[in-house]
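Letter by letter, the chains look like this.
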Amino acid sequence: MKTAFKVWNILILVFAVLSILSSLKDGFSIGAFFTIASTLFSLVMAYSGFKGDYALCKKLASIILVIYTVSMVTSGFAASAVCSLIIAAVYLFMCVSLDSKF
């Protein structure tokens, strides 16, 4: 499970960097600001996941899950928003599983 968690952290880091680059490419706007803010949460979450701080990961994943849920509803259930929500939900499940084992 720890290996899968580390791979998931790498995927989140790649997704976060691509998200920041695409939001900056389109110009700075309010939407880009929220994308960058949620992406920074993701970066901190993935970094703390690499360190093994599962309690902080759970807190940040819960915040990100709420942000992605609001994003999914406001975007009209777009495919990218649904995928982001699923990724955050799986990450939260892994955090809870790994935190309860220790």
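The preceding data block contains the structure.
Here we summarise the structure given alongside this text. Owing to the predicted nature of the structure, the values given are computational and were not obtained by experimental measurement. (Residues numbered from 1 in each chain as written. Predicted model: local features only at pLDDT ≥ 70, side-chain atom pairs only at ≥ 80, totals over all residues. Heavy atoms only, no water.)

**Re the pattern of salt bridges**
Taken as a whole and judged by the stated rule, the model has 1 salt bridge. For the salt bridge of Lys58 with Asp99, the shortest nitrogen-to-oxygen distance reads 2.8 Å. Separated by 41 residues along the polypeptide, Lys58 in helix 3 (residues 54-74) and Asp99 in helix 4 (residues 79-101) bring together distant segments of the chain. Residue Asp99 is classed as partly exposed on the basis of its relative accessible area, which comes to 27%. (Salt bridge = Lys/Arg side-chain N within 4 Å of Asp/Glu carboxyl O. Helix = DSSP H or I, 4+ residues; strand = E, 2+ residues; numbered from the N terminus. Buried < 20%, exposed > 50% of the residue type's maximum accessible area, 1.4 Å probe, protein only.)

**Looking at helix 3**
Over its 21 residues, helix 3 extends 30 Å from the first C-alpha to the last, a length consistent with the 30 Å expected when each residue adds 1.5 Å. Buried within helix 3 are the following residues: Tyr54, Cys57, Leu60, Ala61, Ile64, Tyr68 and Met72. Burial along helix 3 is one-sided: seen end-on, the buried residues are contained in an arc of 115 degrees. Looking at helix 3, the residues exposed on the side facing more than 90 degrees away from the buried face are Lys59, Val66 and Thr74. Within two residues after helix 3, Gly76 carries a phi angle of roughly 75 degrees, on the positive side. (Expected span 1.5 Å × (residues − 1). Arc of directions from axis to C-beta.)

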